[in-house]
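Per-entry structural report
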Amino acid sequence: MTSIVRFAPSPTGRIHIGNARTAILNWLMASKTGGQFVLRYDDTDTARSTQEFADGIATDLDWLGIKPHRVEWQSRRFGRYDEVADKLRAEGRLYPCYETADELDRKRKRQEARKQPPIYDRAALKLTEEDRAKLEAGGKKPHWRFKLDGRVVEWNDQIRGPQHIDTRSLSDPVLVREDGSYLYTLPSVIDDIDFAVTHVIRGEDHVVNTAVQIEITQALGARAPTYAHHSLLTGADGKGLSKRLGSLSIGSMREGGLEPMAVVSHAALLGTSGNIHPCADYAELVEGFDLGKLSRAPARFDETELLHLNAKLLHQLPWDAVKDRLPGDSEAFWLAIRGNIEKLSDAATWRDVVKGHVTPVIALEDTDFIATARSLLPPEPWDGTTWKAWTEAVKAATDRKGKPLFMPLRMALTGLGHGPELAQLLPLIGRDKALERLF
């Protein structure tokens, strides 16, 4: 079945790893079925929504490799929402209520004190036209609630399995505020109908909303989409991520030098039955995508694990995948250093070792050894065999072997006690620089 899915961020901030996971799962669904991915900006909150945040979301999705087939803005569809709201009013499914927030709060507290469920008592339905006219003449403006059927709503969730919610346990939801602005629920349902959305893949915090949205969808004479609610992310400590969302924004990850496919691989495979491993592109993820592989258990996001995954991805990338981002470097350089970096920016360290100035680190007891090694440096041209030939000659002349042989040479040539294989690095350093550092 060809699917139409949607990702619906509010442009009131930047997306973080939790949002990105939802977007990626939707993108995989669309790619798997040859379907469409709709980016829908939920910008009905016109006071907080900005073009800057919308542009930032678009940039983040593009960096993640997600290219929407369609972009929609809820703020441009108010006329459509008004039309549907008027229809529901005419049918008695959307009814006016006049209680203030304080009055509703007092009602809830009384219900809780009486051990009653804190749901709206539908008192507004008992108001006569005269009552409503009097309230409005006194300056009160109504908010509008959808009258639920009060029945068991069932659906087969593609991740959680068979679900059912008795809407008698829910308050009739407010769909329109006193000022005429819309809450999330009604515009979302209308958009899903109008855009022919087939699958709604989102976080499990929307499970209860689903029963309400199914009732509204059916009240509008439409068929509800297929729902799939994935678990929410927690930190490595099992706690929520909400307090650290700034550092976990996709923009921060991009600016921090992470590879987009490392983030995508981590987000797509987290909480599934498969092992988390780096994928160079979407092809492998699309092929193996199956909502049934997602666990209902909370998925733990670990920044350290993501960094390790980023390193693994870089270690396997061919030169063609990075050459445009490493101008002035060579394939030989990349193959030499890729196994020793966590982020592509780390290449700068080894570029300095190869092309820049290095302060040799030579212990006093190694002075004569280094002098001997310098005298035995072979003439150029150098290749992958030079290091072995040279160290064999130095070993024969000094009777050193193992770490006492190799470590002083590494420290002198690179100034560091770790790094790429010197068999690959030495030809890149060249004889002139090697002579300068072996003094």
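Residues numbered from 1 in each chain as written. Predicted model: local features only at pLDDT ≥ 70, side-chain atom pairs only at ≥ 80, totals over all residues. Heavy atoms only, no water.

What about the layout of surface pockets?
What counts is decided by this rule: A pocket here means an open set of points on a 1 Å grid, computed over the protein atoms alone, that has protein on both sides within 12 Å along at least five of seven lines. A cavity is instead a set of points where a 1.4 Å probe fits but cannot get out; residues with an atom within 4 Å of a point line either one. Grid points are joined across faces, edges and corners, and a volume is the space filled by probe spheres set on the points. Elements are defined by DSSP. Helices are runs of H or I of four residues or more, strands are runs of E of two residues or more, and each kind is numbered from the N terminus. Three categories are distinguished: nonpolar for Ala, Val, Leu, Ile, Met, Phe, Trp, Tyr, Cys and Pro, charged for Asp, Glu, Lys and Arg, and polar for the others, with Gly belonging to the last.
Counted as a void, the largest pocket has a volume near 990 Å³. Residue assignment for the lining of the largest pocket shows that the elements contributing at least two residues are strand 1 (4-7), helix 1 (17-33) and strand 9 (199-203). Looking at the lining of the largest pocket, the element that brings in the most residues is helix 1, giving 5 residues. Residue composition of the lining of the largest pocket, grouped by class: 13 nonpolar, 17 polar and 9 charged. Around the second largest pocket, the lining is made up of 17 residues, and of these Leu269, Thr272, Gly288, Phe289 and Lys293 lie nearest the centre. Contributions of two or more residues to the lining of the second largest pocket are made by helix 1, helix 9 (260-269) and helix 10 (282-287). For the lining of the second largest pocket, the class distribution of residues is 8 nonpolar, 6 polar and 3 charged.

Observations concerning the environment of proline 427
The condition that has to hold: The cut-offs for exposure are 20% and 50% of the maximum accessible area for each residue type, with area from a 1.4 Å probe on protein chains only; residues under the lower value are buried, those over the upper are exposed, and the others partly exposed. Only heavy atoms enter the contact rule, under which two residues are in contact if any of them lie within 4.5 Å.
Within the element layout of this structure, proline 427 appears in helix 17 (residues 422-437). Looking at proline 427, the relative accessible area reads 27%, which means it is partly exposed. On a C-alpha basis, the gap between proline 427 and isoleucine 214 in space is 67 Å, while along the polypeptide they are 213 residues apart. Apart from residues lying up to four places away in sequence, proline 427 is in contact with Trp382, Asp383, Gly384 and Leu422.

Overview of the nonpolar core
Filter applied, for reference: Buried Ala, Val, Leu, Ile, Met, Phe, Trp, Tyr and Cys residues that are joined via side-chain atoms within 4.5 Å together make up what is termed a nonpolar core.
Judged by nonpolar contacts, the single largest core of 84 residues is most densely connected at Tyr282, Trp334 and Trp390. Sorting elements by how many residues they give to this core places helix 1 first, with 9 residues. Filtering out sequence-adjacent residues up to four positions away, tryptophan 390 remains in contact with Ala373, Leu376, Leu377, Pro378, Leu409, Leu413, Leu426 and Leu438.

A short note on the pairing of strand 7 (residues 161-166)
Note the following rule: Strand pairing follows a simple DSSP-based rule, namely that at least 2 bridges must link the two strands.
With 6 bridges joining them, strand 6 (residues 152-157) and strand 7 adopt antiparallel strand pairing. From the neighbouring strand, asparagine 156 faces strand 7, where its bridge partner is proline 162. Here strand 6 folds back onto strand 7 in antiparallel fashion, the turn holding 3 residues.

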